[in-house]
Amino acid sequence: MEQVDVAIVGGGPAGTAAARAAATRGASALVLEKGVPRADRDRLGPDSTDAAGFLDYWTEIAGLDPDTLPEEVIHQTLSGAEFVGPTESVTLSNTGINSEYPHFGFAFDRAKFDDWHREQAEAAGADYRVGTGVRDVETTHTGTPTHNLVLADGSEIRADYLVLADGPQRRITMGVLDQYLPPEKAASKLLSPPEANHIAYQEYRRFPADAFDADRIKFWWGWLPGHTAYPWVFPNSDRVARVGLTMPIGMSLDDVPNPQAYELLKPEDESMPSPREFLDRFLETVYGAEYDIESEMPRLENYGKDAGTETYPISSTRPIDSPTDLGIAVVGGAMGATSAFHEGGDHLALRTGTLAGELAASENLSAYNRAWKDAAGPEMRRNVALSDMVRGYGPADWDRVLGIGNRMLKNQAGAVPNIRSALSVGVPALKLFLAYRYTKFGLRDDRVVQIAERDYEH
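Thresholds, definitions, all that
Residues numbered from 1 in each chain as written. Predicted model: local features only at pLDDT ≥ 70, side-chain atom pairs only at ≥ 80, totals over all residues. Heavy atoms only, no water. Phe/Tyr/Trp six-rings, centres within 6.5 Å; stacked < 30°, edge-to-face > 60°. Lys NZ or Arg CZ within 6 Å of the ring centre and 35° of its normal. Pairing = 2+ DSSP bridges. Helix = DSSP H or I, 4+ residues; strand = E, 2+ residues; numbered from the N terminus. Axes fitted to C-alpha atoms, helices over the stretch in contact; angles between N-to-C directions. Buried < 20%, exposed > 50% of the residue type's maximum accessible area, 1.4 Å probe, protein only. Lys, Arg positive; Asp, Glu negative; His and termini not counted. Salt bridge = Lys/Arg side-chain N within 4 Å of Asp/Glu carboxyl O. Contact = heavy atoms within 4.5 Å. Patch = residues over 30% accessible without salt bridge, like charges linked within 9 Å, V, L, I, M, F, W, Y side chains within 5 Å. Areas by Shrake-Rupley, 256 points an atom, 1.4 Å probe, with all protein chains shown as cover. Charge placed at Lys NZ, Arg CZ, Asp CG, Glu CD. Core = buried A, V, L, I, M, F, W, Y, C linked by side-chain atoms within 4.5 Å. Parallel < 35°, antiparallel > 145°, perpendicular 65-115°, else oblique. Left-handed = near helix turned anticlockwise from the far one by under 90°. Nonpolar A, V, L, I, M, F, W, Y, C, P; charged D, E, K, R; others polar.

Q: Before we go on, may I ask you to explain the packing of aromatic side chains in this structure?
A: Each aromatic ring pair is summarised here by two numbers: the centre-to-centre distance and the angle between the ring planes. Taken as a whole and assessed by the stated rule, the structure comprises 20 aromatic pairs. Linked through ring pairs, Phe83, Phe219, Trp221, Tyr230, Trp232, Phe234, Tyr393 and Trp398 together constitute an aromatic cluster. Against the face of Phe441 rests Arg444, its NZ or CZ located 3.8 Å from the ring centre.

Q: Looking at this model, I keep getting lost on the sheet that holds strand S15 (residues 240-248). Mind explaining?
A: In any sheet, the strands associate via hydrogen bonds between backbone groups, in a parallel or an antiparallel arrangement. As summarised here, the arrangement of the 7 strands in space is S6-S5-S13-S14-S15-S12-S16, forming an open sheet in which the pairing is mixed. Of all the strands in the sheet, the pair left with one neighbour each is strand S6 (89-92) and strand S16 (309-315). In this sheet, neighbouring strand axes are inclined to one another by 20° on average, regardless of whether the strands run parallel or antiparallel. Taken together, the 9 bridges between strand S12 (residues 197-206) and S15 define a ladder with antiparallel strand orientation. Note that in S15 the partner of His198 across the bridge is Pro248.

Q: Hey, could you run me through the sheet that holds strand S3 (residues 54-55) in this one?
A: The strand order S3-S7-S4 describes an open sheet built from 3 strands, whose pairing is antiparallel. The outermost strands of the open sheet, each flanked by one partner alone, are S3 and strand S4 (74-78). Of the pairings in the sheet, the one linking S3 to strand S7 (residues 105-108) comprises 2 bridges and is antiparallel in character. Bridged to Leu55 within S7 is Gly105.

Q: Help me understand the side chain of Asp56, please; the structure alone is not making it clear to me.
A: Locating Asp56 in the fold gives a position in the loop between S3 and helix H2 (58-62). Buried charge without a partner: Asp56 forms no salt bridge, and the closest opposite charge is Arg382, 9.4 Å away. Contacts of Asp56, omitting those with residues within four sequence positions, involve Thr95, Ile97, Ser99, Tyr101, His103, Phe104 and Gly105.

Q: Where do I start with a negative patch on the surface in this structure?
A: Among the surface-exposed residues, Asp280, Glu284, Asp292 and Glu296 lie close enough to one another that they form a single negatively charged patch. Counting through the fold element by element, Glu284 comes out in helix H7 (residues 275-287). Judged by its relative accessible area of 46%, Glu284 falls in the partly exposed class.

Q: Can you help me understand the nonpolar core in this one?
A: Across soluble globular proteins, you tend to see nonpolar side chains buried next to one another. Grouped together as the largest cluster of nonpolar side chains are 110 residues, with contacts concentrated most on Ile8, Phe54, Leu149 and Tyr368. Beyond its immediate stretch of four places on either side in the chain, Tyr368 contacts Ser322, Thr324, Ala329, Val330, Val331, Met335, Thr352, Leu355, Ala356 and Leu359. Of all hydrophobic cores here, the second largest spans 29 residues; its members include Val243, Met272, Leu283 and Ile293.

Q: I tried to follow the packing of helix H1 (residues 13-24) against helix H9 (residues 346-361) on my own but got confused; where do I start?
A: The axes of two packed helices give the description: the angle between them and the distance between them. The contact between H1 and H9 brings their axes to 7 Å, and the two run at 30°. Between H1 and H9, the crossing angle belongs to the class labelled roughly parallel. As for how H1 packs across H9, the hand of that crossing is right-handed. For the pair H1 and H9, the contacting residues are Pro13, Ala14, Ala17, Ala18, Ala21 and Ala22 in the first and Asp346, Ala349, Leu350, Gly353, Thr354, Gly357, Glu358 and Ala361 in the second. Among the residues making up the contact of H1 with H9, the classes are represented as 9 nonpolar, 3 polar and 2 charged.

See below:
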């Protein structure tokens with residue numbers, strides 16, 4: 001049986017970051033990636049679905065220097081983000097968080113980004129194997145824990161440390177963690193993809209020159225029913241944009257209190273439209289008056305995973321701790337670090353993966369849960385707090401909040417709200433600001449996690 005120091009399940013950003021960090025510190029690191037075909041990649045790789053972009057301060061969280069990225073990875077530098085409600089809109093040109101990166105952020109090619117991270121991990125000495133997934137993991141508890149990974153082809157790998165980086169689908173993670181959790185805390189219950197994820201669908205379309213915002217990402221809030229559900233337009237290069245949406249999995253019209261209030265629902269709808277149908281309605285509503293959608297904004301079939309389209313899960317749950325005394329660390333989307341609220345989380349995947357790889361190579365994995373909270377906890381608390389605040393919001397709520405946001409932005413520097421700008425706008429803004437601070441305060445210390453380290457039994 002082959003023996004390695006660190007075995008990593010999943011070859012996306014979190015997995016490759018873990019492999020690179022471990023190999024850099026002298027450990028033998030093996031990445032196991034089942035591989036997903038893409039029209040725009042000439043080899044199998046991870047499920048590299050394009051995200052919105054990379055914000056300025058995310059580079060510090062990720063430990064990423066954008067100047068080291070190959071030129072073909074970055075599509076555009078971004079100058080801002082626009083949030084469009086039913087009648088109100090807000091444009092941000094500053095995240096409000098200090099960063100050395102001089103722009104608002106950048107849009108990037110996720111497949112090329114992932115391939116570059118794979119190459120960096122391999123250059124550091126890690127072994128990246130693609131094409132055969134992991135079927136099962138058995139952990140031996142006597143003495144120092146060891147992990148036997150059974151691959152789909154029947155071969156086996158033994159590892160001292162196990163890093164679970166299998167993304168929001170968590171096919172291996174749930175089975176591994178359930179062995180050590182009581183039924184009420186089972187990972188297969190709290191992290192079940194149909195319950196804990198959103199479904200996202202996007203298309204690659206070439207825009208007319210006067211409709212293509214090359215330096216801005218755009219979100220439409222209050223147009224779709226569902227918690228943190230929204231359409232988007234994100235710029236690539238050569239006037240290509242990713243047009244898509246995210247929505248909860250399995251939502252029905254019976255779950256929507258006021259369906260007539262939503263722009264993209266119709267009175268004749270007898271069931272919840274599919275993501276593709278919603279996207280067709282969105283394009284027609286926003287751009288149809290000026291353009292013939294199919295001829296002037298065509299879908300490009302040589303992009304993405306399936307003829308110019310991509311359907312993929314996004315984690316929409318709270319993060320979890322790992323059973324580190326068993327030599328196991330869960331990272332990235334598998335641990336709930338990424339978020340449907342801000343459309344992605346490559347920065348959190350890179351940071352948690354790096355920490356897990358470093359600590360495993362140093363035989364100090366017990367420090368991982370505290371390390372990720374120190375490094376990435378504030379970002380996760382922001383995401384969870386904002387997501388919790390808007391639960392139950394309808395179109396009128398989004399218009400109210402965007403209107404307050406517009407007034408507050410006139411009285412503050414950057415996008416992060418402060419008490420002075422809230423007071424300057426009045427009671428509605430102060431209530432909104434205090435609600436956010438109160439919600440975030442409730443997530444302090446270890447309260448942000450839904451599975452704590454103490455919950456594991458073995």
